[in-house]
Amino acid sequence: MSAARSSVQVCASNFIRWIQHILSGFESSVRAQKSKTNPPIAMFQLKHYRSYLLTLFLLMLPLLGRAEPYFRDLTDAMRLDFKHINGFSAERRLVETMGSGGALFDFDNDEDLDLYLVQGNSLSSTTAPLPTNRLYRNDAGVFVDVTVSANVGDTGYGLGAVAADYNSDGYRDLYVTNLGENMLYRNNGDGTFTDVTEQAQVGCPLLSASAAFADIDRDGDLDLYVCNYVEYALETDIPCYYKNTLRIYCGPNEYHGIADVLYRNNGDGTFTDITESAGVYEPTTRGLGVVFTDVDSDGWLDIYVANDMSPNTLFINQGDGTFQEEGVLRGVAYNGDGLANGSMGIDAADYDNDGDIDLWVSNFSLEANCLMQNDGDGYFEDVTFDTNLADPSFYSLGFGTRFIDFDNDGWLDILVGNGHIWDNVKQIDAKMRYAQPVQLFHNRGRTSEDGVVFTEITTEAGLDGTLYVVRGMLFGDIDMDGDVDIVLCQSNRPAVILSNEVGNTNAWLTVKLVGTDGNTDAIGAQVQLEAQGMTFLREVICGASYLSGNDLRLTFGLGDASRIDSFKIRWHNGEVQQLGEVPIRQSVTFSQH
């Protein structure tokens, strides 16, 4: 916590105690005199004295000041100048409201996070130069545009991106999803990339959304899952109206859903579509978000997909190159009321520190977001209402989201980027807004007899004062100070960098894993450590959120711990490595043996 914010809180706290002290003394005086004086007069005096002090307190609030925000906007300071273009039109074509996203990743192996942002485009014929996706190199805290020299300026209508080392050469490559053919850029290791989409056979010329890399078969190279949304072409865009007069963006049910695609890495720079043979073919699901995660703790990565107004799908890895869809069986296809939601954002993590992976999805407005608690065997219960997460999310429309221990107290909180899809939503429902605040839900730990609960602290965190139209949301320690920062990717608005200002006051540890079997970032590995009698579990995830690629390093918040008592790595191939003492408040790197 900063000194300024701390002093403001102390000042306010002392002032409140002073008021309480005066009231207490006055009430004691009244009680002592009740038998000697006129009681109605005494109580009248007390009532008005309370009112006077309350008025005094309200008048002094501006003098006390407001606490500093937990996140500070560093967009200008880091010289980020990206503005998304969605091709907005009066016709309100479906694809305009979907994007965009990007990826935080270290493309030049200099140990800091660079930034790739995906551009939409004009959807009408134009002779003007087309805007491009842009790659920014992190140069000592300033983002420098290197798009042209790096050769990654795709001019397609882009949506999302994800980064990983698919060819095992030690440099992270880029996969970009589009309306139309997607793009795979191979990192050449010299600051440049080469478009290898056709050679790799991963073009997938549909309307793709999120994507993720992981090694599903433990053969040492990364496979690829691509979410595809609906059958769509600009020429066949469907017009939709509210009450037959107000033109709005159509919902998903106006379009036919299409199947996602799973590509197996052949190890020679090419991929093979194994969607049907691997058992993940679902023809009409409208996929938007995806995360590879091990929900049943068997060492094999499963696939959880957020679908729009279709049941969410959970593909359980059978360990033989195939999957079994078990979303309904395991309690994650529908919400607790048995309804399919309009799900967009997605994440997987151990929010309750019980040693297994829980699931989280962000949903459409007038639907609560969904937190699903793992029972330890890979079966889930919707605990959204039990954890106080339902009501605060009802009117918001959530997209990018992740579990994030923003204050490094050891308990994973939740951050949700919101923004409606209808720019004219206020004409439909006065309670709703197009631009909305980012919401922060603070994990209170096991402070309740009912278990872990959350409290919305959006206002306390200073996030209520600025409204955004968030789609993708990128997470990573950009300034390398031990806490997680945020990049907001907005629809038709500038990208925003929010620096975490409070996390590193608590103890922390950042862990980078290096695989030596081809999966160089050890995607799918888990790290479990113990400190102060608590167990913390983190998993290396590529993808998650919405249209986003995130920092592959693991950040552990450790509260006021002074040391780590136990540190164990379960590598992506199932091998387990137990380590000795690991110092805290620093970044450490471990290589696979």
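Visitor: Would you mind going over the sheet that holds strand S22 (residues 370–374) in detail, with residue names and values included?
Guide: The antiparallel open sheet is built from 4 strands, whose spatial order is S20-S21-S22-S23. Both edges of this open sheet fall to strand S20 (343–349) and strand S23 (380–382), since each of them pairs with a single strand only. Adjacent strand axes in the sheet meet at a mean angle of 20 degrees, parallel and antiparallel pairs treated alike. Where strand S21 (residues 358–363) meets S22, 3 bridges bridge the pair, whose relative direction is antiparallel. Across the sheet, residue Trp360 finds its bridge partner in S22, namely Leu371.

Visitor: I'd like a description of the nonpolar core, backed by residues and values.
Guide: Among the nonpolar cores identified, the biggest contains 90 residues, and Tyr175, Phe213, Leu509, Val511, Leu513, Leu558 and Phe567 are the most heavily contacted of them. Ranked by residues supplied to this core, first place goes to strand S10 (residues 206–214) with 6 residues. Shared between two domains, this core holds at least three residues of each, these being domain 1 (71–507) and domain 2 (508–591). Excluding residues within four positions of it along the chain, Phe567 makes contact with Leu509, Val511, Val527, Gln528, Leu529, Gln577, Gln578, Leu579, Gly580, Val582 and Phe590. Among the nonpolar cores identified, the runner-up in size contains 20 residues, and Tyr70, Ile404, Phe475 and Leu498 belong to it.

Visitor: Quick one: what's the story with the confidence of the model for the chain, residue by residue and with numbers?
Guide: Caution is warranted with low-pLDDT regions, since their predicted coordinates should not be read in detail. Mean pLDDT over the chain works out to 91, with 89% of the residues at or above the 70 mark. Long-range and interchain partners of residues 56–65, a stretch whose pLDDT sits below 50, account for 12 contacts in this model, where long-range means more than four residues apart.

Visitor: Go over the pairing of strand S30 (residues 496–500) with me, naming the residues and quoting the values.
Guide: Burial analysis of S30 places 5 of its 5 residues in the buried class, which makes it a mostly covered element. Every second residue of S30 is oriented toward a common face, with Val496, Leu498 and Asn500 on one face and Ile497 and Ser499 on the other, all of them buried. Where strand S1 (residues 71–73) lies against S30, 3 bridges are found, and the strand directions are antiparallel. Considered in S30, the bridge of Arg72 is made with Ser499. The pairing of strand S29 (residues 485–490) with S30 spans 3 bridges and is classified as antiparallel. Residue pairing in the sheet places Leu488 in a bridge with Val496 of S30. Here S29 folds back onto S30, and the loop between the two strands holds 5 residues, one of which, Asn492, carries a positive phi near 60 degrees.

Rules and cut-offs
Residues numbered from 1 in each chain as written. Predicted model: local features only at pLDDT ≥ 70, side-chain atom pairs only at ≥ 80, totals over all residues. Heavy atoms only, no water. Pairing = 2+ DSSP bridges. Helix = DSSP H or I, 4+ residues; strand = E, 2+ residues; numbered from the N terminus. Axes fitted to C-alpha atoms, helices over the stretch in contact; angles between N-to-C directions. Core = buried A, V, L, I, M, F, W, Y, C linked by side-chain atoms within 4.5 Å. Buried < 20%, exposed > 50% of the residue type's maximum accessible area, 1.4 Å probe, protein only. Domains from an automatic or database assignment. Contact = heavy atoms within 4.5 Å. pLDDT = per-residue confidence, 0-100.

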